Amino acid sequence: MIEIKIHRKVFTVRINAVSLQKDQLLKVCIMLTKFVVENYRGFMGRLEWDLSKPGSYTYNTNAVSNGVIKNGIIYGRNGAGKSNLGLALFDIANHLSHKWTKPDYYLNYACAAHYDRPVKFEYTFSLGGHTLVYCYSKVVDSEMKVVILQELLYIDDKEVFQKDEHDLKVAIDYGLSEEAIQNFKESANNISVVKFLLGTVPLSEGHALLRLRYFVENMLFFRSLDYREFIGLNEGRSNIEEYILNNALADDFADFLNELSGVEYKFAPVSPGDKILYCLFDGNKVPFQMVASTGTLNLELQYFWLKEMVKASFVFVDEFDAFYHFDLSYRIAERLFEGENQVFLTTHDTFLLSNDLLRPDCFFVLKSNEIKDLCDLTDKELRLGHNLEKLYRGGKFDL
């Protein structure tokens, strides 16, 4: 049992652990429950994604945690906005985290139809039975300068701060003087109020803002299509083969490939200074990159992130199975959903639309600026025995 202080109130959270490290304290019981975005790229209107209303299914219960959908798969036609949804979700990482790694992010930022209007974001988090709501809006000018127009944060409907172009109000709990508030208002740095409070005010261990920062800094977005790209979690870029060699994981990686794809690789013993993974063929060394298929190279990326994402809070994998056989896609999805973190995937593979993998409230369809789970797209009561793939292909879940 631990006590968490939020605005001088003490909340008790029960945890099945003898001891808890500092990062575990920040991580416990925090989940994204709702996301709203408006005027972002292809989302001209308001798009709302609610993860706080799971169904009452009694199977695949691991896909839901504390009344919040933990794992899900997002479907949609080409151009529906699946990738943009992931990027929009991770705007908060750009906004608050120092681990941001997408320098071209602000190109084509606002919806082309209303490019001169602000882009608005709203995040709702569950904090061990309590609720944190964080909203902000910003614009990007012709010189690619980002200006935060509005920002506000509530905890359990209590306002922590509110900022607009003309005013800033901060709850007295944070002990800021009028002079400090005025100095921040007049600052030309245009930084987030959350960042300001985190850097200025001494906060108690487990404070809601510290937990928000932990969640954001450990979010992970990745994909591998024509090029590899990731956002968040790790700082800088990692050479995956060096990672495998430096951590003596060559045999483990070979077992991973064999288990999931049925392909057997024998890797050469590692010599000091090696930076390339070599395969052995009748005693001859050949670079792995030269003999691996596109799908196998993508598996290498999946292997790396499966190792690293144990410390992630929220994971979004875009087109995770673009080069995979349908059975391999299923196996990878199972692996991605094994952990305690929230994990969501986008795909076009309807083979994954199965109650064996997830459940109807964990499959989402994105279309025409709306995203809904299968349960909300039909009047039919969806049960374990229903063939979800057949129903989807038959147009029963059209928005």
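Refer to the structure presented above.
These numbers come from a predicted model, not from an experiment. (Residues numbered from 1 in each chain as written. Predicted model: local features only at pLDDT ≥ 70, side-chain atom pairs only at ≥ 80, totals over all residues. Heavy atoms only, no water.)

**Overview of the pairing of strand E19 (residues 363-367)**
Line of reasoning, step 1. Here E19 lies mainly inside the structure; four of its five residues are buried.
Line of reasoning, step 2. In the sheet, strand E7 (residues 71-75) pairs with E19 via three bridges, with the strands oriented parallel. Bridging from a neighbouring strand, Ile73 pairs with Phe363 of E19.
Line of reasoning, step 3. Of the strand pairs in this sheet, E19 and strand E20 (residues 370-373) are connected by four bridges, and their pairing is antiparallel. Counted as the bridge partner of Phe364 is Asp373 from E20.
Line of reasoning, step 4. In sequence, E19 turns back onto E20 through a hairpin of two residues, with Ser368 there showing a positive phi of about 50°. (Buried < 20%, exposed > 50% of the residue type's maximum accessible area, 1.4 Å probe, protein only. Helix = DSSP H or I, 4+ residues; strand = E, 2+ residues; numbered from the N terminus. Pairing = 2+ DSSP bridges.)

**Brief notes about helix H8 (residues 250-261)**
Line of reasoning, step 1. The terminal C-alpha atoms of H8, which comprises 12 residues, lie 16 Å apart, in line with the 16 Å expected from a rise of 1.5 Å per residue.
Line of reasoning, step 2. When we look at burial in H8, the residues that qualify are Ala250, Phe253, Ala254, Phe256, Leu257 and Leu260. The buried residues of H8 all sit within an arc of 155° when viewed along its axis, so they share a single face. Summarising the geometry of H8, the exposed residues directed more than 90 degrees from the buried face are Asp251 and Asp255.
Line of reasoning, step 3. Residues of H8 that are buried make contact with helix H7 (240-246), helix H9 (288-291), helix H10 (294-308) and helix H11 (326-336).
Line of reasoning, step 4. Just downstream of H8, Gly262 is the residue with a positive phi angle, here 80°. (Expected span 1.5 Å × (residues − 1). Arc of directions from axis to C-beta. Contact = heavy atoms within 4.5 Å.)

**Some words on the pattern of salt bridges**
Line of reasoning, step 1. As enumerated under the stated definition, the model contains 13 salt bridges in all.
Line of reasoning, step 2. The shortest N-O distance in the salt bridge between Glu389 and Arg393 comes to 3.5 Å. Taken as a pair, Glu389 and Arg393 lie in helix H12 (residues 388-393) at a separation of four residues, close to a single helical turn. (Salt bridge = Lys/Arg side-chain N within 4 Å of Asp/Glu carboxyl O.)

**Observations regarding the packing of H8 against H10**
Line of reasoning, step 1. The interhelical angle for the contact between H8 and H10, taken along N-to-C directions, is 115°, at an axis separation of 11 Å. Crossing of H8 over H10 shows right-handed handedness. Contacts from Asp252, Phe253, Phe256, Leu257 and Ser261 of H8 reach H10 at Thr296, Leu299, Glu300, Tyr303, Leu306 and Lys307.
Line of reasoning, step 2. Its residues placed into classes, the contact of H8 with H10 shows six nonpolar, two polar and three charged. (Axes fitted to C-alpha atoms, helices over the stretch in contact; angles between N-to-C directions. Left-handed = near helix turned anticlockwise from the far one by under 90°. Nonpolar A, V, L, I, M, F, W, Y, C, P; charged D, E, K, R; others polar.)

**What about the pairing of strand E18 (residues 342-346)?**
Line of reasoning, step 1. Of all the five residues making up E18, five are buried; the element is thus mostly covered by neighbouring parts of the structure.
Line of reasoning, step 2. Burial along E18 is two-sided: Gln342, Phe344 and Thr346 facing one way and Val343 and Leu345 facing the other are all buried.
Line of reasoning, step 3. Relative to E18, E7 runs parallel, the two being bridged by four bridges. Looking at the pairing, Ile74 lines up with Thr346 of E18.

**A short note on the sheet that holds strand E9 (residues 130-140)**
Line of reasoning, step 1. Strand order in this open sheet of seven strands is E4-E3-E8-E9-E10-E11-E12, and the pairing throughout is antiparallel. Two strands lie at the open edges of the sheet, namely strand E4 (43-50) and strand E12 (168-170), each paired on one side alone. Recorded for the sheet is a direction-independent mean angle of 15° between the axes of neighbouring strands.
Line of reasoning, step 2. Both strand E8 (residues 119-127) and E9 contribute to a ladder of nine bridges, which runs antiparallel. Residue pairing for E9: Leu127 is matched across the bridge by His130.

**A closer look at the packing of aromatic side chains**
Line of reasoning, step 1. The final tally for this structure, using the stated rule, is 34 aromatic pairs.
Line of reasoning, step 2. With 4.9 Å between their ring centres and 50° between their planes, Phe253 and Tyr303 make a pair best called tilted. Here Tyr303 lies in helix H10 and Phe253 lies in helix H8, a separation of 50 residues in the sequence.
Line of reasoning, step 3. Seen from their ring centres, Tyr265 and Phe267 are 6.0 Å apart, and the 5° between their planes marks the pair as stacked. A single burial state applies to Tyr265 and to Phe267, both of which are buried. (Phe/Tyr/Trp six-rings, centres within 6.5 Å; stacked < 30°, edge-to-face > 60°.)

**Remarks on the packing of helix H5 (residues 193-200) against helix H6 (residues 208-217)**
Line of reasoning, step 1. Between H5 and H6, the shortest axis-to-axis distance is 10 Å and the interhelical angle comes to 115°. The way H5 lies across H6 gives a crossing that is left-handed. Residues Val194, Leu197 and Leu198 of H5 touch H6, and the partners they reach there are Leu209, Leu210, Leu212 and Arg213.
Line of reasoning, step 2. The residue inventory of the contact of H5 with H6, partitioned by class, reads six nonpolar, no polar and one charged.

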